[in-house]
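One letter stands for each residue in the lines below.
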Amino acid sequence: MHLSSTLVASALLSFTFAAVSPAEEVGMATGYPPFQFTQDSDSVGFDVDVTRAVYDYLGQDFNLYQYDWDNVVSLLRYGELDVAIGMEQTAARQSFFDFSQPYYHRLATLFVLDQDSSPESIRGLVGKRISGDRHSVLEEHLEKLGLNNAIRIQQADSKKEAMEQLGVGEVEAVIMPERVGLYLAETMDLNIRILWQPEIRVPVSFAVKKGDSERLTQLNKALTHLEKSGKLDEIRQRWNVQHWIITQD
């Protein structure tokens with residue numbers, strides 16, 4: 001009888017610790033519609049809906065914080081965040097982070113204003129300023145062309161701010177996912193056109209600090225379930241996000 005009581009007490013104690021496990025700290029970018037942005041003071045977007053579905057499936061609480069993207073990356077790298085949502089998998093980032101299985105792919109695009117004075121090729125941007133993320137596929141392309149030191153790449157706090165800079169002539173071009181650029185241009189009533197677009201579709205995933213295998217396993221478990229159940233497709237349709245199936249040769 002004494003042994004049984006001890007076992008029951010231990011089970012209750014374990015349940016109590018599990019029930020009050022701390023919420024995970026999750027970071028997202030500002031001004032990145034339709035993937036991550038603020039609407040009526042709420043965090044919304046495709047990545048946000050996927051995140052909620054993942055944590056609902058896991059039965060895990062989470063706190064969602066918005067920062068400019070550089071801060072999200074830095075806070076994750078130094079352990080102030082547990083997870084960053086919607087991070088593109090690049091070779092440079094894989095040195096610092098581990099990535100879940102991708103749940104969609106982005107098509108990186110270089111936009112300019114649709115006007116006669118805008119350049120007709122990347123070489124027309126020599127000596128000009130463009131706005132774009134660090135470690136993007138554009139940087140790799142510029143290096144191959146030998147133009148990586150001839151075109152100045154600066155960063156804005158958000159893609160929305162970058163598109164605003166393009167609209168008023170502070171930069172000559174912006175690099176961002178095609179879906180983001182078209183969404184922002186429509187909301188700002190800007191006429192833009194595509195100057196350059198590689199055939200590379202960049203995988204997008206949840207990112208965790210390098211070596212955080214337990215958390216990564218849980219994220220992948222949830223994503224696999226949501227993919228098989230059709231929940232991810234439902235969220236993609238809600239936000240008009242195209243899903244490319246990328247196969248390995």
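The paragraphs below set out a description of the structure included in this document. Model, not experiment: these values are computed from the prediction.

Let us look at helix H3 (residues 69–77). Listing the buried residues of H3 in full gives Trp69, Val72, Val73 and Leu76. Buried residues in H3, looked at end-on, bunch into an arc of 95°, giving them a common side. Just past H3, the residue Gly79 takes up positive phi, approximately 80°.

This part takes up the side chain of Arg193. For Arg193, the position within the fold is in strand E11 (residues 192–196). At 3.5 Å, the side chain of Arg193 forms a polar contact with the backbone oxygen of Ser118. Here the side chain of Arg193 touches Glu120 through a polar contact of 3.4 Å, side chain to side chain. Setting aside chain neighbours within four positions, we find Arg193 in contact with Leu110, Phe111, Val112, Leu113, Asp114, Gln115, Ser118, Pro119 and Glu120.

It is worth spelling out the pattern of salt bridges at this point. Considering all chains together, one arrives at 15 salt bridges under this definition. The closest approach of N and O atoms between Asp49 and Arg52, which form a salt bridge, is 4.0 Å. Note that Asp49 and Arg52 are positioned in helix H2 (residues 46–58) at a spacing of three residues, about one turn of the helix. Residue Asp49 is classed as buried on the basis of its relative accessible area of 16%.

Applying the stated rule across the entire model yields twelve aromatic pairs. Measuring from ring centre to ring centre gives 6.1 Å for Phe37 and Trp239, while their planes differ by 85°; the resulting arrangement is edge-to-face. With Phe37 in strand E2 (residues 37–39) and Trp239 in helix H8 (residues 231–239), this pair connects stretches of sequence that are 202 residues apart. For the pair Phe37 and Trp239, one class covers both residues: buried. Members of the aromatic cluster, connected to one another through ring pairs, are Tyr32, Phe35, Phe46, Tyr103, Tyr104 and Phe206. Directly above the ring of Phe35 sits Arg106, whose terminal nitrogen or CZ lies 5.1 Å from the centroid.

Reading guide: rules and limits
- Residues numbered from 1 in each chain as written.
- Predicted model: local features only at pLDDT ≥ 70, side-chain atom pairs only at ≥ 80, totals over all residues.
- Heavy atoms only, no water.
- Buried < 20%, exposed > 50% of the residue type's maximum accessible area, 1.4 Å probe, protein only.
- Helix = DSSP H or I, 4+ residues; strand = E, 2+ residues; numbered from the N terminus.
- Arc of directions from axis to C-beta.
- Polar contact = N/O pair within 3.5 Å; in protein donor to acceptor, adjacent residues only side chain to side chain.
- Contact = heavy atoms within 4.5 Å.
- Salt bridge = Lys/Arg side-chain N within 4 Å of Asp/Glu carboxyl O.
- Phe/Tyr/Trp six-rings, centres within 6.5 Å; stacked < 30°, edge-to-face > 60°.
- Lys NZ or Arg CZ within 6 Å of the ring centre and 35° of its normal.

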